[in-house]
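Residues per chain are reported as follows:
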Amino acid sequence: MQYQPSLSFSKMYTALPLSFFLENIGVFAAPFLMKTVKIRGTLLLGGLMVSASFLVCSAIKDPNALIWSYSVLFGVGAGMITITSFFAAWDHFPNSRGKVTGIIMFGYSASTLVYGILFTFIVNPNNYRPSGSGESLSYGQEVNERVPYGMLIIGLVWGLKTLVGVLLIRPSNVHSKSSMSSPPGKFPLKKILATKQFWQIFLAAYCSFLFWYFIAGIFKGYALKYIQDDHFLSYIGSAAALSGAFGRIFWPGLLDYFEYRKVLSATIFLQFLGCISVHFIVEDKYLFGVVILAVFFCGSAMYPSLAVEVSKIFHSYSAQVWPCVYLGVTLASLTSILLKYGGEQLGYLYIFGICGVFDLVSICIIWCTSEKQVRWNKTLEESLLMDINVKI
């Protein structure tokens, strides 16, 4: 990829929410692939697609082609990996879903700690500062010319990691008709869409993820306007990933002992506090770093907690229900694009306020959600009656 003066941070930001959107393809395809090429085959395919996203982009010269190639290959591959690893682990440890989900997400997040620092030091070893602001924020030619080499190294490392991981996976010794990765019978989509629990989880996913996707995508570019230290912000990004990794072990593990609504509403409220304070402390780089670490620690609970809750409520059909719930997560990532441009036009203070309102709405929805399992051997009317019985 050649140096492109017109290629700014703002334009490249599009690749992040776009890849989140395209994750849906991988999430929806994974349950079908698990029936044909099995769990190991699905994980291998997903991992190699992620690896290819970096390798292909290292050779692409057109910026628009780079954005689309990365978004498609990385997004679809990541979607396959995440959902497949969940259901494989739940088959091994059906009574500790929260704990094993957290461990998986820890590994998923901890990889960012390595890749974030590695990539930054490869492409910007001299810690050059970006020029411009807002839409025109960009790095110079020396940094840009090292990006292809950085992508090549990341792609090779990811591919090697995928091969080792797939070779280490062994099939579960638990053989049951209620296996998560092998749902029985026809998928009752109409029944699922008619249950109140599905829509409550769907809306909770959308509202709770809105701020997380927004701040995860803009925090470095936003902070660079006030903190002129690229390496420091890279450290914060990697430390935030590590903080999120520990959060993904801590919070989901609590779901094995406490109600979903108590655990998740607590984390979202802490995220709300970070949301309404980040704009006022951004000029203090150390305080800003602490808030970002706290936000990532709390926000890390949402994805695995929602996945565990889906598995508890929909059980054998959770592999098919989760992609439908994940659409709410995807809508949040797409909305974050609009919020980003709204922040540049109206000011970030207003956007942080909007995100705070959505956090509070998600807490209300979560507290109205019943955790009782939907019983598919009952009639639709009986299932709906089960939804109404909310534990107080």
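We now turn to the structure provided with this report. All residue numbers refer to position in the chain's written sequence, counted from 1. Only residues with pLDDT of at least 70 are given local features in this predicted model, and only at 80 or more are side-chain atom pairs given and counted; all residues enter the totals for whole chains, interfaces and linings. Remark: hydrogens and water are excluded; side-chain values derive from all non-hydrogen atoms of the structure.

### As for the packing of aromatic side chains
Stacked, edge-to-face and tilted are the three classes for Phe, Tyr and Trp ring pairs, Trp counted by its six-membered ring, which pair at centre distances within 6.5 Å; planes under 30 degrees apart are stacked, over 60 edge-to-face, the rest tilted. Applying the stated rule across the entire model yields 25 aromatic pairs. Pairing Phe211 with Phe352 gives two aromatic rings, centres 6.2 Å apart and planes at 70°, and the pair type is edge-to-face. One end of the pair, Phe211, is in helix H9 (residues 196-223); the other, Phe352, is in helix H15 (residues 348-367), with 141 residues separating them in the sequence. Judged on exposure class, the residue Phe211 and its partner Phe352 are both buried. Centre to centre, the rings of Tyr348 and Phe352 are 6.3 Å apart; their planes meet at 35°, and the pair counts as tilted. Linking Tyr348 with Phe352, this pair stays in helix H15, spanning 4 residues, or about one helical turn. Secondary structure elements follow DSSP: runs of H or I no shorter than four residues count as helices, runs of E no shorter than two count as strands, and numbering proceeds from the N terminus. Residue exposure (1.4 Å probe, protein chains only): buried if accessible area is under 20% of the type maximum, exposed if over 50%, otherwise partly exposed.

### Some details on the pattern of salt bridges
The rule for a salt bridge is simple: a side-chain nitrogen of Lys or Arg has to be within 4 Å of a carboxyl oxygen of Asp or Glu. All told, the structure shown has 2 salt bridges when counted by the stated rule. The shortest N-O distance in the salt bridge between Glu259 and Arg261 comes to 3.3 Å. Between Lys340 and Glu344 there is a salt bridge; the shortest N-O distance is 2.7 Å. One end of the pair, Lys340, and the other, Glu344, are both in helix H14 (residues 318-346), 4 residues apart, so they sit about a helical turn from each other. Looking at Lys340, the relative accessible area reads 2%, which means it is buried. Owing to a relative accessible area of 22%, Glu344 belongs among the partly exposed residues under this scheme.

### Some remarks on a nonpolar patch on the surface
On the surface, Phe269, Leu270, Leu273, Ile276 and Leu360 cluster together into a nonpolar patch covering about 400 Å² of accessible area. If you trace the backbone, Phe269 turns up in helix H11 (residues 260-281). Look at Phe269 and you get partly exposed, because its relative accessible area is 39%. Patches in this entry comprise residues that are over 30% relatively accessible and not in a salt bridge; like charges within 9 Å are linked, as are nonpolar side chains (Val, Leu, Ile, Met, Phe, Trp, Tyr) within 5 Å. Accessible surface area values rest on a Shrake-Rupley calculation with a 1.4 Å probe, where residue burial reflects the displayed protein chains alone.

### Re helix H7 (residues 147-168)
The span expected for a helix works out to 1.5 Å for each residue beyond the first. In a regular helix each residue adds 1.5 Å, so 22 residues correspond to 32 Å; H7 covers 32 Å between its end C-alpha atoms and thus fits that length. Of the positions making up H7, those classed as buried are Val147, Pro148, Gly150, Met151, Ile154, Gly155, Trp158, Gly159, Thr162 and Val166. Projected down its long axis, H7 shows its buried positions confined to an angular sector of 165°, all on one face. Looking at H7, the residues exposed on the side facing more than 90 degrees away from the buried face are Leu156, Leu160, Leu167 and Leu168. This arc is built from the directions going out from the helix axis to the C-beta atoms.

### A few points about the side chain of Glu309
Tracing the backbone through its elements, the reader meets Glu309 in helix H13 (residues 302-314). Among buried charged residues, Glu309 stands out as having no salt bridge; its nearest opposite-charge side chain is Lys312, 5.1 Å away. Residues count as neighbours in contact if any of their non-hydrogen atoms are within 4.5 Å of one another. Those residues in contact with Glu309 that lie beyond four places of it in its chain are Ile201, Tyr260, Ser370 and Glu371. Charged-residue counts in this description rest on Lys and Arg as positive and Asp and Glu as negative, His and the chain ends being excluded.

Everything listed here is a matter of coordinates, which is why it stays silent on function.
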